[in-house]
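Chain residues, written in single-letter form:
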Amino acid sequence: MSDIRYLAPQTLDDAVAQYAAAAGAARILAGGTDLLVQMRSGLKKPSTIVDVKKIPELTAIEETADGGFRVGAAVAGAVLEEHPTFGKVWPGVLEGLNLIGSTQIQGRASMGGNLCNGSPAGDSVPALVAAGAVATIAGPDGTRELKVEDVPAGPGKTNLKPGEILVSFTFPARPKGSSDAYLRMIPRTEMDIAVVGVGVSLTLENGTCTAARVGLGAVAPTVLLVHGAAEAIIGTKLDDAAIEKAAAACSAACNPIDDKRGTIAYRTKVAGVLFKRTLAIAAERAGRA
Amino acid sequence: MNDQSHKWIGKRTIRPDGADKVTGRAAYAADATMPGMVWGKVLRSPHPHAVIKSIDTSKAEALPGVKAVATAADFVDFPVDTPVPLGIQDMRWMSRNMLAKEKVLFHGHPIAAVAATSEEIAAEACALIEVDYDVLPFAIEIDDALAKDAPILHDFIEFEGRKSNIAGTLEHKLGDVEAGFAEADVIVERSFTTKPVHQGYIETHACVVSVAPDDRTTIWSSSQGQFMVRAMTAYLTGIPQSHIKAIPAEIGGGFGGKTIVYLEPVATILSKKSGRPVKMVMTREEVMRATGPTSGSKSTVKIGAKKDGTIVAGQGTFYLQAGCLPGSPIRGAAGCAFAPYDIKNVHSFGYDVVSNRSKVAAYRAPGAPIGAFAVECVLDEVAEKLGMDPLKLRLKNAAKEGTKAAHGPTFPRIGYAETVEEALNSTHYKTPLTGKYQGRGVASGFWFNAGGESSAQVNITEDGNVVVTTGHPDIGGSRASIANITAELLGIDYDQVSVQIGDTATIGYSNLTGGSRVLFASAMVVTESTEQVIEQLKGRAAKIWGIDPSQVVWENGEARPMGEHSANFPSMSLEELAAKANATGGPIGAGSQSNTVGAEGGFATHVCDVEVDVDLGIVRVIRYTCFQDVGRAIHPSYVEGQLQGGMAQGIGWALNEEYIYDKNGRVDNPGFLDYRMPVCSDLPMLDCGIIEIPNPKHPQGVRGVGEVPLVPGPAAVRNAVYDALGIRIDDLPLSPPSVLAAIDANSRQAAE
Ligand SMILES: Cc1cc2nc3c(=O)[nH]c(=O)nc-3n(C[C@H](O)[C@H](O)[C@H](O)COP(=O)(O)OP(=O)(O)OC[C@H]3O[C@@H](n4cnc5c(N)ncnc54)[C@H](O)[C@@H]3O)c2cc1C
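Computed from a predicted structure; not experimentally measured. In this numbering scheme, every chain counts its residues from 1 along its sequence in written order. Numbering of ligands from 1 and lettering of chains from A proceed in the order in which they are written. Under the rules for a predicted model, residues below a pLDDT of 70 receive no local features and side-chain atom pairs below 80 are neither given nor counted, while totals for whole chains, interfaces and linings still include all residues. Values reported for side chains reflect all heavy atoms of the structure, with hydrogen atoms and water molecules removed beforehand.

A. Structural context of the overall build of chain A. For chain A, the count of helices and strands is 12 helices and 14 strands. In terms of its C-alpha atoms, chain A occupies a principal-axis envelope of roughly 60 × 45 × 35 Å. Of all 289 residues assigned to chain A, the portion counted as buried reaches 53%. Nonlocal contacts in chain A, meaning residues at least 24 apart in sequence, comprise 59% of its contacts between residues at least 6 apart. Just so you know, the count uses Lys and Arg for positive and Asp and Glu for negative, and it drops His and the chain ends. For this purpose, a charge sits on NZ of Lys, CZ of Arg, CG of Asp or CD of Glu. Across chain A, 29 positive and 29 negative side-chain charges occur, with their mean positions spaced 5 Å apart. In this description a helix means any DSSP run of H or I spanning at least four residues, a strand means any run of E spanning at least two, and both kinds are numbered starting from the N terminus. Burial here depends on accessible area, computed with a 1.4 Å probe over protein chains only, as a share of the maximum for the residue type. Under 20% is buried, over 50% is exposed, and the range in between is partly exposed. Note on contacts: a residue pair qualifies if any of its non-hydrogen atoms lie within 4.5 Å across the two residues.

B. Seen up close, empty space enclosed by the protein. All names here are of chain B. Definitions used throughout: a 1 Å grid over protein atoms alone; a cavity as a set of points that fits a 1.4 Å probe which cannot get out; a pocket as an open set with protein on both sides within 12 Å along at least five of seven lines; a lining residue as one with an atom within 4 Å of a point. Grid points are joined across faces, edges and corners, and a volume is the space filled by probe spheres set on the points. Tallied over the full model, the rule gives 10 cavities of 30 Å³ or more. Taken as a whole, the largest cavity holds about 110 Å³ of empty space. The wall of the largest cavity is formed by 14 residues, among which I651, L655, N656, P678 and D682 lie closest to the centre. Where the lining of the largest cavity is concerned, the elements lending two or more residues are strand 29 (618–629) and helix 19 (636–655). Residues are sorted three ways: Asp, Glu, Lys and Arg are charged, Ala, Val, Leu, Ile, Met, Phe, Trp, Tyr, Cys and Pro are nonpolar, and all the rest, Gly among them, are polar. Per-class residue counts for the lining of the largest cavity are 8 nonpolar, 2 polar and 4 charged.

C. Just the site of the ligand, in detail. Residue and element names in this part refer to chain A. One heavy atom within 4 Å of a molecule or strand makes the whole residue count as near it. By nearness alone, 33 residues border the ligand, and I28, T33, D34, S110 and D123 come closest of all. A 3.5 Å cut-off defines polar contacts: any pair of N or O atoms within that distance qualifies, except that in protein one atom must be a possible hydrogen donor and the other a possible acceptor, and neighbouring residues in sequence count only when both atoms are side-chain atoms. G31 places a polar main-chain atom, nitrogen or oxygen, 2.7 Å from an oxygen atom of the ligand. Taking L35, its main chain carries an N or O atom lying 2.7 Å from an oxygen atom of the ligand. Considering the ligand on its own, with 980 Å² of exposed area, one finds that the protein chains cover 88% of that surface. Method for areas: the Shrake-Rupley scheme with a 1.4 Å probe, in which residue coverage is limited to the protein chains shown.

D. Representation of the interface of chain A and chain B within the structure. Opposite the 20 residues of chain A that make contact, chain B presents 24 residues. Carbon and sulfur atoms make up 54% of the surface buried where chain A meets chain B, a total of about 1,900 Å² over both sides. For salt bridges, the criterion is a side-chain nitrogen of Lys or Arg within 4 Å of an Asp or Glu carboxyl oxygen. At the surface where chain A touches chain B, the tally comes to 7 salt bridges. We note a salt bridge from A:R277 to B:D615, for which the minimum N-O separation is 3.6 Å. In this structure, the connection of chain A to chain B is made through 12 residue pairs in polar contact (both at pLDDT 80 or more). In terms of residue count, the dominant contributor to the side of chain A that touches chain B is helix 12 (residues 264–288) of chain A (6 residues). Looking at the side of chain A that touches chain B residue by residue, the classes come out as 10 nonpolar, 3 polar and 7 charged. In this description, buried area is defined as the sum, over both parts, of the accessible area (probe of 1.4 Å) that is lost when the two are combined.

E. Local environment of the sheet that holds strand 12 (residues 186–194) of chain B. All names here are of chain B. By this definition, two strands are paired if DSSP reports at least two bridges between them. An order of 11-19-18-17-12 is seen for the 5 strands of this open sheet, with the pairing classed as mixed. Across the chains shown, the open sheet's two edge strands, defined by having one partner strand only, are strand 11 (166–174) and strand 12. Across this sheet, the average inter-strand angle for adjacent strands is 10°, counted without regard to direction. Here strand 17 (residues 297–305) pairs with strand 18 (residues 311–323) via 9 bridges, running antiparallel. In the strand pairing of strand 18, G304 is matched with A313. Axes here refer to lines fitted to C-alpha atoms; in helices the fit is confined to the stretch in contact. Angles between the N-to-C directions go from 0 to 180 degrees.

F. Focus on the domain arrangement of chain B. Residues and elements named next belong to chain B. The domains assigned to chain B are domain 1 (32–136 + 203–252 + 258–290), domain 2 (297–449 + 600–751) and domain 3 (451–594). For the pair domain 2 and domain 3, the summed buried area comes to about 1,200 Å², and 60% of that belongs to carbon and sulfur atoms. Together, I634, Y638 and Q700 form the three largest contributors to the area buried by domain 2 at its contact with domain 3, with a combined 36%. Summed over the shared surface of domain 2 and domain 3, the result is 6 residue pairs in polar contact (both at pLDDT 80 or more). For the side of domain 2 that touches domain 3, the residue count by class is 6 nonpolar, 8 polar and 2 charged. Residue ranges for the domains trace back to a domain assignment, done automatically or taken from a database.

G. Structural view of the packing of helix 7 (residues 226–237) of chain B against helix 8 (residues 264–274) of chain B. All names here are of chain B. Two numbers describe how helix 7 lies on helix 8: the axes approach to 9 Å, and their chain directions differ by 55°. Regarding the angle of helix 7 to helix 8, the classification is oblique. Of the two possible hands of crossing, helix 7 and helix 8 adopt the one that is right-handed. Contacts from V229, T233, L236 and T237 in helix 7 reach E264, P265, T268 and I269 in helix 8. Under this scheme an angle from 65 to 115 degrees is roughly perpendicular, one under 35 degrees roughly parallel, and one over 145 degrees roughly antiparallel; angles in between are oblique. It is the rotation of the near helix from the far one that decides the hand of a crossing: anticlockwise by less than a right angle makes it left-handed, clockwise makes it right-handed.

H. Structural view of the pattern of salt bridges. Tallying each qualifying case throughout the model produces 58 salt bridges over all chains. The partner of A:K53 in a salt bridge is A:D51, with the nearest N and O atoms 3.3 Å apart. Given the relative accessible area of 25%, A:K53 is considered partly exposed. When the shortest N-O distance is used, the salt bridge between B:D674 and B:R676 registers 3.7 Å.

What follows is the structure in structure tokens.
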């Protein structure tokens, strides 16, 4: 094996400069729970690794001035779980992240890594999409923002330009009566990869759904934002007809493949089933919120 | 034996290897390292089926850092027309599985091997080996291999006068099945399929081999038998057994999958050619692509019974995948399937089918779960048709002492009926299910168990402790159990006994750890040796006291004079006698070697409760109990460990484990992410109903316990799913997509 250069910059500027200088042969290292596995299997062979875990912007969890949150892209699942308020406001985002792997993996795995790894089955992504989270990206040409659903470009690919680093996720402030949830279908109970994943975020006012977003994972080349499902329930009291319509929209949005993890028929049906279950949890939480 | 008198037998003593394992000190094969050691890697076939036209290794040999390259030409040649059996293996097939000869027969089939100064260079060199192939069409599934125009794997195999992929058959016949079916009031016939499943040992195959210039060879490896490793390495390399010392490393699971060799002979030749010690460690992907799972199968079973529940005929046809070379466990499938029952008319037929997949290897009661799956599912339906409780149907027909089994033996005292009775009377079976989509299933199973060759040496140390050496790798807790027995026989403390596993140069021949034979067989030779030691100890005391040895008893770890002398001398402890050993005749110790017989079969009955998520097709096991006749539980914790491990593997086989092939004939799920064995959170507490009907042919009453617990599992789960859904699914695994498809098909049918 050829030698690998390991860099651990302390500032975002240094990171951007070093990453750009190493050009295409470098990889960003957050928790490494995807990258190191891929390197060991010979799938990825970077000559330089830029570890971003020492950079404050990537590891901070802050409440923003408008009442929202900003979470560093490299914050590990176990760290976010310990935050006193984040999980109360975004329980679905947190549970998506916390579903990843095991206790050991939670000590490292990050939402930034999960998103940038580009798997359509990444467990934190559907809830991030449903949350309407915005990714802040820094690169040689400065800083820009992308909606989370616009970050993945296909399996293993993102819309980050060469030299760009995902810095953080910004979550909007939440009106009263809002909450979210994430559920995945896996054949086992743990240590498995989502066959379908659904994130639902919504706001209820006197029992009426005034805002909703639905993220659907593992059923298409990228995680989907399902407008049709949200539209079907916004303005309703989440009556059965509305829910059925929204579930049908989820199934219709699926563009899955037949593979070792599930058939097209299975995934399509389960997308609807799982949507209903996720919605019920989110609504319950919002009612209590 | 009087239970009350047992001080150590039946006690949950602390396992001697436990602390080492949890602290990381235990040395597994991949932990071995030597000065000057180089790394071996294997080049594997990119095709599932092709003729090897030529192999050019010159570029690999020229790569700096490469120390040796080996191909099949470097090994002993075993022509296909001359059988060379070794146990249940044949060296003709073993050699071709280890390194392809005329043809590659599956994707991942080893073709050549390289030793180099690093793993990376070895891998790079493998890529430089040029192989010229004539690519052939391939067959993966049984039906593909049996099709009229199927690609033929081996020109030398003929069946019914034609070239065929049926490599062998086996038949068991008892009575007259046609006459039996004619008497039946109820007949059920069904066909089933099961997928190949892997043993799933956590430790991948690994070895370090060092060959000296005079061919003296030392092997450190993880296997289920150091003597098996020695014999196979000798056969395949031509080095005599006396020159080979095979040292058993701690083993990280085997379940039958390590009863054959993949790496050791290859590393031996690489070491011989390079003059360096060679280390080889398989990746998980290599394990999943190229080491044996057990067979996939298709089978048809027909059972006839009278109104009163008497089973009058049983017929079974079992096709088992052998993988790419002959030899699937048809004996286990066809032989064990009907064995729990006293049926007058049985016809059981097995077919051994080769196809372009990795060669199967033993897996816990090889073949038996496949046969039991079909029979136990059909019995479930027979019971339903008769309106009879499925356990009562089994009890009515239970094999017992004197029953003639279709596979040959007449049973001695066995405990099958007791397993069913215990199940019937259990709180588990009596507790009603509560949920709408909950269901309960039952199934039974049989395994032959084995005796065979074992050796033991029991030595008293100078300070009055005991070292017992046996020749079987300890996979399931045999060291602790042997220590229990030795301490019991000698009447000393458990901690005074140290049990070692000898290498092939320090202990006599011992057959491998398999067939649930280790405690059965080693307890026999350890008992014989210990009894000889006790005789010696009595003799030494007699000498010291100047009395006749017949006037000495050994009790509670002491020699005591008896009769007229009983008051004359104070008793002498093991420690005192050991201290005086040299003065009384020299070291104290004895060995015993024997080909043990009398293992007798083992039986189990399982009760399984499931709950089905009918919208997602997910089956969850919510309660599970195994009732098993274990003969005598020498160490109950290990017996439970065996039972629980078997239950977990049976549930995995039933629910999610399967090999998935892509359209190019390659395994598409060669890792633990997509080859789904159950994880802890998938399982409820697995309960054990231990039944002890001592084996009359064993000094401690031991019966093998390690394999039976896998046998009933797949059928118990499937029958529970039927009870939950009212749908009989006959194809394993019951994975969510297939269960949901079955539910959907059923509701479509109901709607029509
Ligand atoms: C045992 C195990 C179980 C797992 N279980 C799950 C599971 O249940 N669900 C699931 O979704 N995943 C699972 N994973 C995959 C993995 O843990 C997750 O995807 C995790 O979120 C990756 O985060 P990380 O910080 O470790 O990423 P890394 O491995 O550090 O990075 C992943 C990729 O993203 C890039 N990257 C990381 N951070 C940035 C950044 N800030 N800017 C630009 N590029 C970046 C890296 O270069 C790399 O290509 C599992 C992995 C293992 C080993």
